[in-house]
Amino acid sequence: MKCSEFLQELTNYLDGVLDARTKAELEDHLAWCHNCYVVCDTTKKTIEIYRDSQLYELPDDLRTRLRTAIMSKCKQKKAEQSS
Ligand SMILES: [Zn+2]
């Protein structure tokens, strides 16, 4: 699984709506990819904050913005690594 694939499934993973096979693939990715692990952890905490403020369901536009922010962060990290 590539980082981009991981990030695409991340919100589903955190929502617990993935099938067992995809979930196992994501967990496998987390085990070796520190970058995605950090992104996953940060996103999980962000979602918990929203849940604490009683917005249990993440609005779609927030999901999209979150994902866009994560993707650009990931690309930025890659650019830093390759320079
Ligand atoms: Zn990754």
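Let me sum up the structure you'll find in this document. Every value quoted in this text rests on a predicted model; they were computed, and no experiment measured them.

## Some thoughts on the side chain of Thr43
- Summarising the element assignment, Thr43 is placed in helix 3 (residues 34-52).
- Here Val39 takes part through its backbone oxygen, which lies 2.7 Å from a polar atom of the side chain of Thr43.
- Non-local contacts of Thr43, meaning those with residues more than four positions away in its chain, are made with Leu10, Leu14, Leu66 and Ile70.

## Points about the coordination of the zinc ion
- Distances from the zinc ion to its protein donors, Cys3 (SG), His29 (NE2), Cys33 (SG) and Cys36 (SG), fall within 2.0 to 2.4 Å.
- In this structure, the zinc ion is surrounded by 4 donor atoms whose angles at the metal cover 101 to 118 degrees, and the resulting shape is tetrahedral.
- Counting the intervening residues between successive donors of the zinc ion yields the motif C-x25-H-x3-C-x2-C. Here the residue Cys3 occupies a position in helix 1 (residues 3-15), and Cys36 occupies one in helix 3, the gap between them amounting to 33 residues.
- With relative accessibility at 1%, the residue Cys36 sits in the buried group.

## A look at the packing of helix 1 against helix 3
- Look at helix 1 against helix 3: their axes get within 11 Å of each other, and the N-to-C directions meet at 30 degrees. As the angle between them shows, helix 1 and helix 3 are arranged roughly parallel. Between helix 1 and helix 3 lies a crossing of right-handed hand. For the pair formed by helix 1 and helix 3, the contact residues are Cys3, Phe6, Leu7, Leu10, Tyr13, Leu14 and Asp15 on the first element and Cys36, Val39, Cys40, Thr43, Lys44, Ile47 and Arg51 on the second.
- A per-class count over the contact of helix 1 with helix 3 returns 10 nonpolar, 1 polar and 3 charged.

## Concerning the pattern of salt bridges
- Considering all chains together, one arrives at 4 salt bridges under this definition.
- The residue Lys23 makes a salt bridge to Glu27 at a minimum N-O spacing of 3.8 Å. With a gap of 4 residues between them, Lys23 and Glu27 both fall in helix 2 (residues 20-32), about one helical turn apart.
- We classify Glu27 as partly exposed; its relative accessible area is 36%.
- With a closest N to O distance of 2.9 Å, Lys45 and Asp41 form a salt bridge. With a gap of 4 residues between them, Lys45 and Asp41 both fall in helix 3, about one helical turn apart.
- For Asp41, a relative accessible area of 25% translates into the label partly exposed.

Parameters and conventions
The residue numbering used here restarts from 1 in each chain and proceeds along that chain's sequence as written. With the structure being a predicted model, the display of local features is reserved for residues of pLDDT at least 70 and the display and counting of side-chain atom pairs for 80 or more, all residues being used for whole-chain, interface and lining totals. Side-chain measures were taken over the full set of non-hydrogen atoms in the model, leaving aside hydrogen atoms and water. For the purposes of this entry, the term helix denotes a DSSP run of H or I that reaches at least four residues, the term strand denotes a run of E that reaches at least two, and both are numbered from the N terminus. Whenever a nitrogen or oxygen atom comes within 3.5 Å of another N or O atom, the pair is scored as a polar contact, on the condition that within protein one atom can donate a hydrogen and the other can accept it, and that pairs from neighbouring residues in sequence are kept only if both atoms are in side chains. Contacts: residue pairs with any heavy atoms within 4.5 Å of one another. Sites may look incomplete because water is not among the atoms; the donors themselves are N, O and S atoms within 2.8 Å of the metal, or within 3.2 Å for Na, K and Ca. In short, tetrahedral needs four donors with all angles between 85 and 135 degrees, square planar needs four and octahedral six donors with opposite donors over 155 degrees apart and all other angles between 65 and 115, and whatever is left is irregular. The rule is simple: take the accessible area with a 1.4 Å probe, protein chains only, and divide by the maximum for that residue type; under 20% is buried, over 50% is exposed, in between is partly exposed. Geometry is summarised by axes, namely lines fitted to C-alpha atoms with helices restricted to the contacting stretch, and by angles between N-to-C directions that run from 0 to 180 degrees. Angular relationships are summarised with four words: roughly parallel below 35 degrees, roughly antiparallel beyond 145, roughly perpendicular across 65 to 115, and oblique for the angles in between. Definitions for this section: a left-handed crossing has its near helix turned counterclockwise from the far helix by less than a right angle. A right-handed crossing has that turn clockwise. Here the term charged refers only to Asp, Glu, Lys and Arg, the term nonpolar to Ala, Val, Leu, Ile, Met, Phe, Trp, Tyr, Cys and Pro, and the term polar to all other amino acids, Gly among them. Any carboxyl oxygen of Asp or Glu within 4 Å of a side-chain nitrogen of Lys or Arg constitutes a salt bridge here.

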